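Residues per chain are reported as follows:
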4 protein chains.
Amino acid sequence: MDKNTFAPTPPRGWNSYDYYDTAVTEADVRKNAEFMAKHLKSAGYEYVVVDIQWYATDAGTRRDEYQYIPFGGRVMDEYGRFWPDPARFPSSTEGRGFGPLAEYIHSLGLKFGIHIMRGLPRDAAHRHLPVYGTDITCDEIADPLSVCDWDPDMYGLRDRPESQAYYDSVVSLYAAWGVDFLKVDDICNTHAFADRPYMGRHEVEMIARAIDKAGRPMVLSLSPGPALLDKAWHYCRYANMWRITDDFWDSWPALKHMFDFCERWQYVGGPGCWPDCDMLPLGTVGRGFGQERLTNFTRDEQAAMMALWCLFRSPLMLGAELTKLDPETLALITNPALLALQSPTAVPRQVSRDEKSAVWQSTDGDALTLALFNLSDTPLPLSPTPFLPPCDPPATPLQDLLTGEPCTNAAPIPAHGVRVYRVR
Amino acid sequence: MDKNTFAPTPPRGWNSYDYYDTAVTEADVRKNAEFMAKHLKSAGYEYVVVDIQWYATDAGTRRDEYQYIPFGGRVMDEYGRFWPDPARFPSSTEGRGFGPLAEYIHSLGLKFGIHIMRGLPRDAAHRHLPVYGTDITCDEIADPLSVCDWDPDMYGLRDRPESQAYYDSVVSLYAAWGVDFLKVDDICNTHAFADRPYMGRHEVEMIARAIDKAGRPMVLSLSPGPALLDKAWHYCRYANMWRITDDFWDSWPALKHMFDFCERWQYVGGPGCWPDCDMLPLGTVGRGFGQERLTNFTRDEQAAMMALWCLFRSPLMLGAELTKLDPETLALITNPALLALQSPTAVPRQVSRDEKSAVWQSTDGDALTLALFNLSDTPLPLSPTPFLPPCDPPATPLQDLLTGEPCTNAAPIPAHGVRVYRVR
Amino acid sequence: MDKNTFAPTPPRGWNSYDYYDTAVTEADVRKNAEFMAKHLKSAGYEYVVVDIQWYATDAGTRRDEYQYIPFGGRVMDEYGRFWPDPARFPSSTEGRGFGPLAEYIHSLGLKFGIHIMRGLPRDAAHRHLPVYGTDITCDEIADPLSVCDWDPDMYGLRDRPESQAYYDSVVSLYAAWGVDFLKVDDICNTHAFADRPYMGRHEVEMIARAIDKAGRPMVLSLSPGPALLDKAWHYCRYANMWRITDDFWDSWPALKHMFDFCERWQYVGGPGCWPDCDMLPLGTVGRGFGQERLTNFTRDEQAAMMALWCLFRSPLMLGAELTKLDPETLALITNPALLALQSPTAVPRQVSRDEKSAVWQSTDGDALTLALFNLSDTPLPLSPTPFLPPCDPPATPLQDLLTGEPCTNAAPIPAHGVRVYRVR
Amino acid sequence: MDKNTFAPTPPRGWNSYDYYDTAVTEADVRKNAEFMAKHLKSAGYEYVVVDIQWYATDAGTRRDEYQYIPFGGRVMDEYGRFWPDPARFPSSTEGRGFGPLAEYIHSLGLKFGIHIMRGLPRDAAHRHLPVYGTDITCDEIADPLSVCDWDPDMYGLRDRPESQAYYDSVVSLYAAWGVDFLKVDDICNTHAFADRPYMGRHEVEMIARAIDKAGRPMVLSLSPGPALLDKAWHYCRYANMWRITDDFWDSWPALKHMFDFCERWQYVGGPGCWPDCDMLPLGTVGRGFGQERLTNFTRDEQAAMMALWCLFRSPLMLGAELTKLDPETLALITNPALLALQSPTAVPRQVSRDEKSAVWQSTDGDALTLALFNLSDTPLPLSPTPFLPPCDPPATPLQDLLTGEPCTNAAPIPAHGVRVYRVR
């Protein structure tokens, strides 16, 4: 299999984390999938992803103390592989795992994804559990010093041929369930090791190989960021998308900071290889974190975010509870002109950047689009003229892609807002 | 002017540094230019570049103590602009500067380049010299804290509008002389400032603007490296080439290390924008440094270097005394199959890398070339087969681009050597 | 000479900087000296120190732009040695330098100090001035890359035997003037060189040797901080005091931060060797900086500062305009019980430290003093009991050294305040 | 209890590590103790310390792969406390632990010490074992992210009041066994956390408190180094000795490097508080590491090491198999003149240091000793004269403390050797 064919364009979909945190249930997943099939599929959204701790029986029960309860209840088979918590995922019992849920999502014309952590469960190593289909035990391949600095559940695997067997055992299980998208965490940037921030590099290769051996095209998504720019070639070689930022949330400083990341990563990206700006925290989010809320982003900030993600060609994974989306947000995330910027042949480039503004262009064959971002806290007049190609004036008046209105340089761009022009 | 049109392909030429150090003379430059016109021009080599300290009257006189004599003799006009040392560049007297030399080089069908340092001469600031065409004096724009950590001659310019006038004054002078290529030093990586390694960023913009204002297409080359990967977009926006390494010399560890730099920079590069692996220290080098010598590179290492520079699309600036080149070296640097890899539409990518080997491919439309590098110290059998595209076997036997012989997997690649195949 | 005999106890005095910045005049110095002789000498204050830029003819004239005007007017003799600006120091003319001023201060029973920068004037190097009494010129010993990152006037000296001659020439001149105290700047921590923060180490040794050769006991004070804890032995060996902090000003966060520095440096210090917490910004300060003001410290903070400086045995250099001191401040800085803590045989130790409080003790023979500092922003009850020696209850009720009142544990210590007890 | 009374002078003794690694047995300990009682006790050696992994049933069984076998056999009681491996420590069975061994060692007039790791056994947390005498379970206080980067057995304890109970439970058990010396590892410098190298600080305080509560004077020794100089006050406050270096072995570069550490730590140290240069790898060492060998140190290096440890007042813990000690080594480690330098009132100071030599002095009341170390690789003449106090010539000819011979300046000091003079 050529993994670059798994994601010819930046993947689009929904992820349970921003709304449900660790505590999403099967019913929650189903209703979001149904919404997607009805309202978003036509705009290219297709992945439904269950995020972290679907295997934890105590997920969310001590949220004031812990996001991930140490030494807590985890559903694990006799080979040290996690299975869905049956209380939250009732269809998973009797050895069916995520099979029935995946099947339902497929029946809606969508694809199914899950989150996993790098490594194997610590308990599996302490209990010397066997690795499926081998005579190895988990303690022989687990590295007790390879830990994550925010999740207490796992040990990373040693860089030994035997470790491949464990990853084969879990990936083939997930393939059998019908998983189409694998978000692997604590691997893109291993924060705990300041001097070895890509210390799970061999595990990336093993997981990629396990997918290839499993024979099912599963998109491989690496988390968390910030990804290491000087390892770009390795992410490109083995993964389909990788997070260029740490967890992104709905705060303006975080959105402004994304321009730094996009600036750096603009040269990388293409069919099968997508630098990832993280989920879009839109609409209603935060319930699992203790406080359901509307996104903190203003409408202008939402437009700027959507324009940047599209122009930069980031994957678009919605972080909202889909069933609560308002029409204006729906319109934004399905805006055809913006989504069209995610063409596999587009070339996004930053043209200018200072404290107050950022200017990006996207060329795609003869087409040229220009986006002017106001990064300042007050309205700012920004003319596209200085950023148009020399000796190449647009034949017709520029149009704002978002509003359809003709370009009037006099109108300032609102604070934190964007104006996107189709130049030619 | 669109600066990207100045260097549609990676520039090729000769630079005086590797052989002459700081002490090159007009006669030296002329004879190398003549050799180039006769033997190398047809292979695309066209730039003849006079490197550092052409303005120093004491260049090379205390070489055991200093490469750049502090507080030494420098030829400077009343506006704080350096002029050629008349003892070494006799045609420069009577206000002609590099004009006559440039004219001669143009008469050979070649182009002329010079090296300058970022900033203005310290003496010009201490003496409060006026800036040409303005009522500013040099002390008002010189930053006494902005120094280079290896050259004692200059102060960087402050980030003020007035500083543009100084750069305009020197660049317009050089344009009048007929300069086609400007290598600006202490600017791509300002080593002296560990936490501000691109602290001359505003000076890059000023020099680019000065070139634009001067109206003469001058290639802008930034030195020294290693350039900062996360500033790639800025180099691309303002310069034509920039050094991705510190000074490169003829040692195998340095060549092996270049694979690290190329790995990181492979996504950047295209018409007008070329990451630069530095001069090629081939043939005879080192006289100005105290010891004339043949390059330390073996023939296999030379082939590997040339293959990497070509495939990666680095500029090719020869560091040799051209008149002493032997036929085998000449053949290597004019090898048409290798040079063809520097096509503006080629896409170079690293495919694999470990301690012992590196594999690169270059795709250019339908064409596919594969280079297998042996990074180990003993002969190594390396088969191209695992790196060929899946489901896409070459129709005909692979041929070695360097030797023209058919691919025989059995033959090991020599230590530090390369094998380059045209796959399709 | 044994330099440790120059400062058997922590030096006390006045420094012009906090009030006058760069622009102090002879008249200013005289009136402060007169005040000291009358009101402070009996409490051990004896040094009158003229701080930076007494040689600058333009000091303070462009204060909105620069503290130290680059390439500005400096009074320098034909040997590259600074002399006082005659406009500000009228008695210095006719080759007398600071002689008359020193003589006057000595006549008051006080001692005279000046500030100098590490190195020699840049102009002296660019002009190739001779070094007094030698056939060396300044350009031969100046290191053009050894610059200060906040003062543009000097080049550091190379680590060569010839450099000693320059330091000998200036120190013997100052000795002839009658200087008793030399504050040398840009030397204790050479901030400009992140990886070589003590790169003027050889210059410290040269200056110490020059003092020894000059034969006049001059206290050697090194600035700025933070001094490097792992170079403590070197400061002790060559200097009399050295700054353990960067410039200290009258802000509570800076005072709170001083507990970090004192914590680290508590083991170092004794006759001739004093870690220095910097000037005391009390009373009226700031005129030269553009805004004359009363210290920002509350009375409680002033007491805490004075208690810490005394207990830790820091030098006490007053930063105020002395003639404007109010009686309460005067009483604090001359409090005999606090000043007695600066005994050469005292042993200061931190006993406890957390976010809200710090507890120090000072033992001196049988005497034991305890200081409780409230580092929090609200009143805090702090009992001395847990910090008294085990099995060693004080015979009599503890007394507050500052107020003379008996210890009543119930009374909380005010925010940012201190309570000092004589235990035995 | 006042912990400073536990170690009024630097502790001396023997540690099993350098010879036995993890695999020492009760018989080994007994025979070394017997040797100490007979030959070393009179020179002040009294501690017999069993180093790491006395609780491991598999210690040393896979030494080519692991020093500490991950997920291996550990003897642990129902409260998560380690007990001696009964196979290696036969007297420990039937709930007696180290009691019988301690009793035997006490019967020889010696003291007994053991090594422990910071934290509690990982298995105790994964199995939710109760903490002795409480209703807490180990998982509630273990921090799954607080791991050691070289030993896989433990989790550090959270900074919570409940954690004290666990440390109380183990320390009171060891006190009941008769332990006199506790070497706690992974605590002085927590290497795994580059930005929090003293992250077990609260655990130091808890262990000190547990010792105080247990009521038995146990010397508290912290490992590994390098200790953090800016935390000196905290080590002094809670511990009796702490390692200022990482593990020290018998190589000259390591010994030369110790001068860096001693230079930095010379101001700290006194009754109850001893910076520790680590064990002395003398005589025969290394058996447990796979190769029994004589120390790599030359006799001159051994003398230099012993002189530095004594003058600096480091604890003296022998790393040799004592029963194999030769007479010359025995004479060195019991040299009364050197040992006398470890007086509680001595003041050791470095006087000079360069690439080739180090000079130290020790003053103790009126006594003055001078040590000249040759750090170079060839014999070096070094005269004590420049380092004698000014104006204070010794009345009688200096004598070499090691040989008893009079000082003859002409005789060079051998490479890596030392000469120690009693000046007065």
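(A) Structural context of the relation of the copies chain A and chain D. For the pair chain A and chain D, the best superposition has an RMSD of 0.0 Å and corresponds to a rotation of 180° with a translation of 0.0 Å parallel to the axis. Between the two chains, the operation in question is that of a two-fold axis. By C-alpha distance to the rotation axis, the residue of chain A lying nearest is A:A194, at 3.6 Å. A high fraction, 100%, of the interface residues of chain A reappear at the interface in chain D, so the copies pair face to face through one surface.

(B) How the structure looks around the pairing of strand β3 (residues 111-117) of chain A. Residue and element names in this part refer to chain A. Of all seven residues in β3, six are buried, a share of seventy percent or more. Pairing of strand β2 (residues 47-50) with β3 involves four bridges; the strand directions are parallel. If you follow V49 over to β3, its bridge partner there is G113. Taken together, β2, helix α3 (residues 99-107) and β3 constitute a β-α-β crossover, and its handedness is right-handed. Examined bridge by bridge, β3 and strand β6 (residues 181-185) share five bridges and lie parallel to one another. Counterpart to G113 in the pairing with β6 is F181.

(C) Main features of the arrangement of the chains. Nowhere do chain A and chain C come into contact; their C-alpha atoms are at least 19 Å apart. One finds no contact between chain B and chain D; the C-alpha atoms of the two approach each other to within 19 Å at their closest.

(D) Representation of the packing of helix α2 (residues 26-39) of chain A against α3(A) within the structure. Residues and elements named next belong to chain A. In contact at an axis separation of 10 Å, α2 and α3 are set at 15° when each is read in the N-to-C sense. Taken together, α2 and α3 sit at an angle that is classed as roughly parallel. Pair α2 / α3 crosses with right-handed handedness. Contact residues: α2 offers E26, V29, R30, A33 and E34, while α3 offers P100, L101, Y104 and I105. Each residue belonging to the contact of α2 with α3 can be placed in one class, and the counts come to six nonpolar, no polar and three charged.

(E) Summary view of the pattern of salt bridges. Counting across every chain of the model gives 100 salt bridges over all chains. Notably, a salt bridge pairs A:D278 with A:R243, separated by 3.5 Å at the nearest N-O pair. One end of the pair, A:D278, is in the loop between β9 (274-276) and β10 (284-285); the other, A:R243, is in strand β8 (residues 241-243), and 35 residues separate them in sequence. Here A:D278 and A:R243 have matching classes, each one buried. Salt-bridge contacts for C:R30 lead to C:E26; the nearest nitrogen and oxygen are separated by 3.2 Å. In this pair, C:R30 and C:E26 are both assigned in helix α2 (residues 26-39), four residues apart and thus about one turn of the helix distant. Residue C:R30 is classed as partly exposed on the basis of its relative accessible area, which comes to 24%. The buried category is assigned to C:E26, whose relative accessible area is 6%. Put simply, A:D58, A:R74 and A:D153 are held in one network by salt bridges that share partners.

(F) Quick peek at the environment of C:V351. Residue and element names in this part refer to chain C. Mapped onto the secondary structure, V351 falls in strand β13 (residues 347-353). A relative accessible area of 4% places V351 in the buried class. Sequence separation between V351 and P197 is 154 residues, and the spatial gap between their C-alpha atoms is 30 Å.

(G) Summary view of unusual backbone geometry. Residues C:G225 and C:P226 are joined by a peptide bond in cis, for which omega reads 0°. Checked against the element boundaries, C:P226 lands in the loop between β7 (219-222) and α8 (232-238). Each neighbour pair has its own omega, and for D:S223 with D:P224 the value is -15°, a cis peptide bond. In this structure, D:P224 sits in the loop between β7 (219-222) and α8 (232-238). Positioned with a positive phi, B:R313 is a non-glycine residue whose angle comes to about 70°.

(H) Geometry of the sheet that holds strand β12 (residues 316-318) of chain C. Residues and elements named next belong to chain C. The sheet built from eight strands is open, its strands ordered β9-β8-β7-β6-β3-β2-β1-β12 with parallel pairing. A single partner strand is all that each edge strand has here, and the edge strands are β9 (274-276) and β12. Strand-to-strand twist across the sheet, computed as the mean angle between neighbouring axes with direction ignored, equals 25°. In terms of strand pairing, strand β8 (residues 241-243) meets β9 through three bridges, oriented parallel. Residue pairing for β9: W242 is matched across the bridge by P275.

(I) View of the interface of chain A and chain D. At the interface, 21 residues of chain A touch 21 residues of chain D. For the pair chain A and chain D, the two sides together bury roughly 1800 Å², of which 59% comes from carbon and sulfur. Together, A:F71, A:H126 and A:L145 form the three largest contributors to the area buried by chain A at its contact with chain D, with a combined 39%. In this structure, the connection of chain A to chain D is made through zero salt bridges. Along the contact surface separating chain A from chain D lie 13 residue pairs in polar contact (both at pLDDT 80 or more). With four residues, the single largest contributor to the side of chain A that touches chain D is helix α4 (residues 122-126) of chain A. The class makeup of the residues in the side of chain A that touches chain D is twelve nonpolar, two polar and seven charged.

(J) A look at helix α3 (residues 99-107) of chain D. All names here are of chain D. Along α3, the positions that sit buried rather than exposed are G99, L101, A102 and I105. What you see down the axis of α3 is that its buried residues fit within an arc of 165°, all on one side. Turned more than 90 degrees away from the buried face of α3, the exposed residues are E103 and S107. Buried-residue contacts for α3 involve α2 (26-39), β2 (47-50), β3 (111-117) and α6 (161-177). Phi turns positive, to about 80°, at G109, one or two residues after α3.

(K) Quick look at the domain arrangement of chain A. Residues and elements named next belong to chain A. You can read the domains of chain A as domain 1 (3-344) and domain 2 (350-423). Taken together, the contact pairs 21 residues of domain 1 with 22 residues of domain 2. Put simply, domain 1 and domain 2 have three salt bridges between them. Taking the shortest distance from any N to any O, the salt bridge between E263 and R353 comes out at 2.6 Å. Between domain 1 and domain 2 we count seven residue pairs in polar contact (both at pLDDT 80 or more) in total. Elements represented by at least two residues in the side of domain 1 that touches domain 2 include exactly α9 (252-265), α10 (299-312) and α12 (336-339). Ranked by residue count, the leading element in the side of domain 1 that touches domain 2 is α10, at eight residues. For the side of domain 1 that touches domain 2, a count of residues per class yields 13 nonpolar, three polar and five charged.

(L) Molecular detail of the packing of aromatic side chains. Taken as a whole, this structure holds 112 aromatic pairs over all chains when the rule is applied. A ring pair is formed by B:F312 and B:W360, whose centres lie 6.3 Å apart and whose planes are at 90°; its orientation type is edge-to-face. Pair noted here: B:F312 is in helix α10 (residues 299-312) and B:W360 is in strand β14 (residues 357-364), with a separation of 48 residues, a long-range link. The pair formed by B:F312 and B:W360 is uniform in burial state, with each residue classed as buried. Residues C:W249 and C:F289 carry aromatic rings whose centres are separated by 5.1 Å and whose planes lie at 80° to one another, so their mutual orientation is edge-to-face. With a gap of 40 residues between them, C:W249 in the loop between β8 and α9 (252-265) and C:F289 in the loop between β10 (284-285) and β11 (293-294) connect regions that are remote in the sequence. Using a relative accessible area of 23% as the deciding quantity, one classes C:W249 as partly exposed. The cationic tip of C:R30 hangs over the ring face of C:Y104; the distance from NZ or CZ to the ring centre is 4.5 Å.

Rules and cut-offs
- Residues numbered from 1 in each chain as written.
- Chains lettered and ligands numbered in written order.
- Predicted model: local features only at pLDDT ≥ 70, side-chain atom pairs only at ≥ 80, totals over all residues.
- Heavy atoms only, no water.
- Least-squares fit on C-alpha atoms with pLDDT ≥ 70 in both.
- Contact = heavy atoms within 4.5 Å.
- Buried < 20%, exposed > 50% of the residue type's maximum accessible area, 1.4 Å probe, protein only.
- Helix = DSSP H or I, 4+ residues; strand = E, 2+ residues; numbered from the N terminus.
- Pairing = 2+ DSSP bridges.
- Right-handed = clockwise from strand over helix to strand, strands pointing away.
- Axes fitted to C-alpha atoms, helices over the stretch in contact; angles between N-to-C directions.
- Parallel < 35°, antiparallel > 145°, perpendicular 65-115°, else oblique.
- Left-handed = near helix turned anticlockwise from the far one by under 90°.
- Nonpolar A, V, L, I, M, F, W, Y, C, P; charged D, E, K, R; others polar.
- Salt bridge = Lys/Arg side-chain N within 4 Å of Asp/Glu carboxyl O.
- Buried area = accessible area lost by both parts, 1.4 Å probe.
- Polar contact = N/O pair within 3.5 Å; in protein donor to acceptor, adjacent residues only side chain to side chain.
- Arc of directions from axis to C-beta.
- Domains from an automatic or database assignment.
- Phe/Tyr/Trp six-rings, centres within 6.5 Å; stacked < 30°, edge-to-face > 60°.
- Lys NZ or Arg CZ within 6 Å of the ring centre and 35° of its normal.

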